[in-house]
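# Inside the fold
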Amino acid sequence: MVSRDVISDETWSVIGPLFPPAKTRGRPPVDRRVIVEAVVWRFRTGAPWRDLPERFGNWNTIYRNFDRWAKDGLWARVLEQVQGVAERNGDIDWVASIDSTITRVHQHGATLPRDKKGHTTNYNKSTAEPSDHAIGRSRGGLTTKTHLVCDGRGRPLGFVVTGGQVADTIMLPVTLNQIRVPTAGRPRLRPDRLRADKGYPSKANRAWLRARDVKTTIPERNDQIAHRRKRPGRPIVFDADDYKGRNVVERCFNRLKQWRGIAMRSDKTARNYHAALCLAATLLWVERPSSSPPD
């Protein structure tokens, strides 16, 4: 793992060419590596943007570049490209696992004014930004939930952010549809097998996965087992030994939440919080030795 802000030369040689070149006209350009390292420092420490160290230059310049790249979808495209490199090297384990995690929203991340319907007043229906900016109410108060699917080595393949009250089971198709790994031909969109816990074993989810030839390792809930005993039918095939590998998604969340700016959300928009997840996930793919087992 790198320090809080320094990106190694080896890592930058992979991700550096994926960022747009600096402008040659106008004001002196800001080094792209400095911008990325400043963003890394900010989300690793969880500090406010205004508290960026002076060595990074003007904090507002760093933030405006981060925000513009988030609006353009650049952080997500960088993640896709490094996943594509791993796929071409045969480095992706396509036995995937899915789960979700809750993140508390800091009071500074929930200050956008809202109308009577609960929508933020700066909500624009023409953008992909959700009207609630993925901030919802659950037992923990104001929370955001990250629904994530990772490969068999605990590296993120795709994720979605929603309000904390959104149920896991309805988000399985949406989360899996975020997988888009570039290949020599069409991008790969589906894993070979999916492991999930008892939050996902609905009939609709099993049918959706079966229609796409995705094998499953998902246990039945007790109420489903009791219902099937009343109306006997084909039992669900469940491999308990294979299910032991599902914990890689929990380990993935643990590594992502080592970044304090991800463990506690202070960003007002879901777009920027998602961009931070993309950056952290990108470094997991690039910096993590491909031959080492999950922690």
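Scope of this entry: the structure provided in the associated data block. What you see as residue numbers is a count from 1 along each chain, following the sequence as written. Only residues with pLDDT of at least 70 are given local features in this predicted model, and only at 80 or more are side-chain atom pairs given and counted; all residues enter the totals for whole chains, interfaces and linings. Hydrogens are left out, water is left out, and the side-chain values use all remaining heavy atoms of the structure.

This part takes up the side chain of Arg-206. Per the convention used, a helix needs a DSSP run of H or I reaching at least four residues, while a strand needs a run of E reaching at least two, with both numbered from the N terminus. Within the secondary structure, Arg-206 is located in helix H6 (residues 203-211). When a residue's accessible area, from a 1.4 Å probe over protein chains only, is under 20% of the maximum for its type it is buried; when over 50% it is exposed; and in between it is partly exposed. His is not counted here, nor are the chain ends, while Lys and Arg score as positive and Asp and Glu score as negative. Salt bridges are defined by distance alone: a side-chain nitrogen of Lys or Arg within 4 Å of a carboxyl oxygen of Asp or Glu. No salt bridge is formed by the buried Arg-206. Its closest oppositely charged neighbour is Glu-220, at 5.6 Å. Any pair of residues with heavy atoms lying within 4.5 Å of one another is described as a contacting pair. In this structure, Arg-206 is in contact with Pro-201, Thr-216, Ile-218, Pro-219, Glu-220 and Ile-236, ignoring residues within four places of it in sequence.

Before going further, it helps to spend a moment on the environment of Pro-29. One can find Pro-29 in the loop between helix H1 (9-15) and helix H2 (32-45). The exposed category is assigned to Pro-29, whose relative accessible area is 52%. When neighbours within four sequence positions are excluded, Pro-29 is seen to be in contact with Ala-22 and Lys-23.

Of note in the backbone geometry, Ala-134 takes a positive phi value of approximately 60° without being a glycine. For Ala-134, the location among the structural elements is in the loop between strand S1 (95-105) and strand S2 (136-138).

A few words on the pattern of salt bridges. Enumeration over the complete set of coordinates arrives at 14 salt bridges. Between Arg-33 and Asp-9 there is a salt bridge, and its shortest N-O distance comes to 2.9 Å. A residue pair is termed long-range when its members are at least 10 positions apart, and Arg-33 in helix H2 and Asp-9 in helix H1 qualify at 24 residues. On the accessibility criterion, Asp-9 (57% relative accessible area) is exposed. Here Asp-241 ties to Lys-244 by a salt bridge, and the two come within 3.7 Å at their closest N and O atoms.

Any two rings among Phe, Tyr and Trp, with Trp reduced to its six-membered ring, count as a pair given centres within 6.5 Å; such a pair is stacked if its planes are under 30 degrees apart, edge-to-face if over 60, and tilted if neither. Using the criterion set out here, one finds 10 aromatic pairs in the structure. Between Trp-12 and Phe-19, the aromatic rings sit 5.9 Å apart at their centres with planes inclined by 15°, giving stacked as the arrangement. Of the two residues, Trp-12 and Phe-19, neither departs from the other in class, the shared state being buried. Relative to Tyr-63, the ring of Trp-49 has its centre 5.3 Å away and its plane inclined at 65°; by these criteria the two rings are edge-to-face. Taken together, the residues span a long stretch of sequence, with Trp-49 in the loop between H2 and helix H3 (59-71) and Tyr-63 in helix H3 at a distance of 14 residues. Among the aromatic residues, ring-to-ring pairing joins Trp-12, Phe-19, Phe-43, Trp-49, Tyr-63, Phe-66, Trp-69 and Trp-75 into one connected group. We call a charge positioned over a ring when the NZ of a Lys or the CZ of an Arg lies within 6 Å of the ring centre and within 35 degrees of the ring normal. A cation sits over an aromatic face here: Arg-42 above Phe-43, 4.6 Å from the ring centre. Cation over ring: Arg-188 sits above Trp-94, and NZ or CZ is 4.1 Å from the ring centre.

Another point: the pairing of strand S4 (residues 156-163). Counting buried residues along S4, eight of its eight residues qualify, which places the element largely inside the surrounding structure. The pairing of strand S3 (residues 141-150) with S4 spans seven bridges and is classified as antiparallel. Bridging from a neighbouring strand, Val-149 pairs with Gly-158 of S4. Here, a strand pair is defined by DSSP locating no fewer than two bridges between the strands. With antiparallel pairing between neighbouring strands as the criterion, S3 and S4 make up a hairpin whose turn holds five residues, including Gly-154 at a positive phi of roughly 80°.

The next point concerns the nonpolar core. As used in this record, nonpolar core signifies buried Ala, Val, Leu, Ile, Met, Phe, Trp, Tyr and Cys residues forming a set joined through side-chain atoms within 4.5 Å. Counting 66 residues, the largest nonpolar core has Phe-19, Val-36, Trp-75, Leu-157 and Leu-194 as the members making the most contacts within it. The biggest single contributor to this core is helix H11 (residues 270-287), with 12 residues. Excluding residues that lie within four positions of it along the chain, Val-36 makes contacts with Ile-7, Trp-12, Phe-19, Trp-69, Trp-75 and Leu-279.

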